[in-house]
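Structure at a glance
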Amino acid sequence: MTATLGLLDGRPLPRTPLDHRLAALRTGPRSTALPQPGSSEDRQLTRWVAQVLLTEALCEVVAAERGLPVRASGPARLDQQAAVELGSITAAAYEGSPAVRAVFASVTADIEPSPTELAHYRTMTTRPPSVVWHLALPDGECEAAPESLPLTLAEALRAAPPGEWVTAGTWTAALISERIVPPDPDVTATVREAARRATFVRWLDQERAQRLTLVQGLEHPGDPAQPDNHHRH
């Protein structure tokens, strides 16, 4: 087993943090979900954790080079879409390391979506305004979209004057009022955050390629040349 985690700018990084991180995982609350020690899947987990640590170490160096303030803080939490866009290794490093988050903010600070990107996003995601009905029911009131109701009940409510009780099959209701819910017109923040994540991923991939050297046994888990990568097309 190599005693080196990898090389950063040609400088060997000790494996000790990897052993500590793995030990914490194996004694933590999710230990039962981890692969059997010594198995192929366990070696892949080791490679994955190694890449997270190398990403954290790289960003710590970059933060120091850029003079970025790195404030100690608890872990961050990404939503599912953000985690997918960053990739599991980068997402884990982002959530766990203030240095990664500081470098992310620095690298992406000037990224703003173009009018073309905003227009494309609106075209792909904007839905027409929706209708919401305010209904009276025998046991109270509620709001519902017409298409969520049984078809016969929705047709009867449309045909009846507002406030008139109608019965269709086993359903009874009265349409008190309706309101139009417009789509959210401002998608800038959503597109900006996605563009910043894409920019950071590209930047980080380039930095990793230029500044990190991986060692045997701790290759990227997705490297098709390493023996435990069983993913085949």
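Residues numbered from 1 in each chain as written. Predicted model: local features only at pLDDT ≥ 70, side-chain atom pairs only at ≥ 80, totals over all residues. Heavy atoms only, no water.

We now examine the sheet that holds strand 1 (residues 4-8). Here we have three strands laid out as an open sheet, ordered 2-1-7, and antiparallel in their pairing. A single partner strand is all that each edge strand has here, and the edge strands are strand 2 (11-14) and strand 7 (212-213). As judged from the four bridges shared by strand 1 and strand 2, these two strands associate in the antiparallel manner. Among the inter-strand pairings, Thr4 is bridged to a residue of strand 2, identified as Pro14. (Pairing = 2+ DSSP bridges. Helix = DSSP H or I, 4+ residues; strand = E, 2+ residues; numbered from the N terminus.)

Turning to the sheet that holds strand 4 (residues 140-144), a few remarks are in order. Two orientations exist for strands paired in a sheet by backbone hydrogen bonds: parallel and antiparallel. In space, the four strands of this open sheet follow the order 4-3-6-5, with antiparallel pairing throughout. Of all the strands in the sheet, just strand 4 and strand 5 (165-168) have a single pairing partner and so form its edges. With direction set aside, neighbouring strand axes in the sheet form an average angle of 40°. Pairing geometry for strand 3 (residues 130-137) and strand 6 (residues 171-181), over seven bridges, is antiparallel. Paired with Ser130 across the bridge in strand 6 is Val181. (Axes fitted to C-alpha atoms, helices over the stretch in contact; angles between N-to-C directions.)

The next point concerns the environment of Ala23. Counting through the fold element by element, Ala23 comes out in helix 1 (residues 16-26). Residue class for Ala23 comes out partly exposed when judged on its relative accessible area of 39%. C-alpha of Ala23 to C-alpha of Ala93: the two residues are 70 residues apart in sequence and 18 Å apart in space. (Buried < 20%, exposed > 50% of the residue type's maximum accessible area, 1.4 Å probe, protein only.)

Here we come to helix 7 (residues 151-159). Among the residues of helix 7, Leu153, Ala154 and Leu157 are the ones counted as buried. Angular distribution of buried residues about the axis of helix 7 spans 100°; they occupy a single face of the element. Of the exposed residues in helix 7, those oriented more than 90 degrees away from the buried face are Leu151, Arg158 and Ala159. Of the surrounding elements, those touching the buried residues of helix 7 are strand 3, strand 5 and strand 6. (Arc of directions from axis to C-beta. Contact = heavy atoms within 4.5 Å.)

Here the focus is helix 2 (residues 40-66). For helix 2, built from 27 residues, the straight-helix expectation of 39 Å at 1.5 Å per residue is met to within 8% by its first-to-last C-alpha distance of 39 Å. One or two positions beyond helix 2, positive phi appears at Gly67, with a value near 65°. (Expected span 1.5 Å × (residues − 1).)

We now examine the layout of surface pockets. Its boundaries defined by the atoms lining it, the largest pocket holds a volume of some 690 Å³. Taken together, 17 residues line the largest pocket, and the ones lying closest to its centre are Leu25, Arg30, Trp48, Ala92 and Glu95. Counting residues per element, the ones that place at least two in the lining of the largest pocket are helix 1, helix 2 and helix 4 (88-96). There is about 220 Å³ of room inside the second largest pocket. In this structure, the second largest pocket is lined by 13 residues; those nearest its centre are Gln51, Ile89, Asp205, Arg208 and His220. Counting only elements with at least two residues in the lining of the second largest pocket, the list comes to helix 4 and helix 8 (188-211). Counting residues per element, the lining of the second largest pocket draws most heavily on helix 8, at four residues. Here the lining of the second largest pocket is built from residues that sort into six nonpolar, five polar and two charged. (1 Å grid on protein atoms, 1.4 Å probe; cavity = no way out; pocket = protein on both sides within 12 Å on 5 of 7 lines; lining within 4 Å. Points joined across faces, edges and corners; volume = space filled by probe spheres on them. Nonpolar A, V, L, I, M, F, W, Y, C, P; charged D, E, K, R; others polar.)

The subject of this paragraph is the packing of helix 5 (residues 98-108) against helix 8. The N-to-C vectors of helix 5 and helix 8 enclose an angle of 105°; their axes lie 9 Å apart at closest approach. When the axis of helix 5 is compared with that of helix 8, the two are roughly perpendicular. For the pair helix 5 and helix 8, the contacting residues are Val100, Val103, Phe104, Val107 and Thr108 in the first and Arg196, Arg197, Thr199, Phe200 and Trp203 in the second. Grouping the constituent residues of the contact of helix 5 with helix 8 by class yields six nonpolar, two polar and two charged. (Parallel < 35°, antiparallel > 145°, perpendicular 65-115°, else oblique.)

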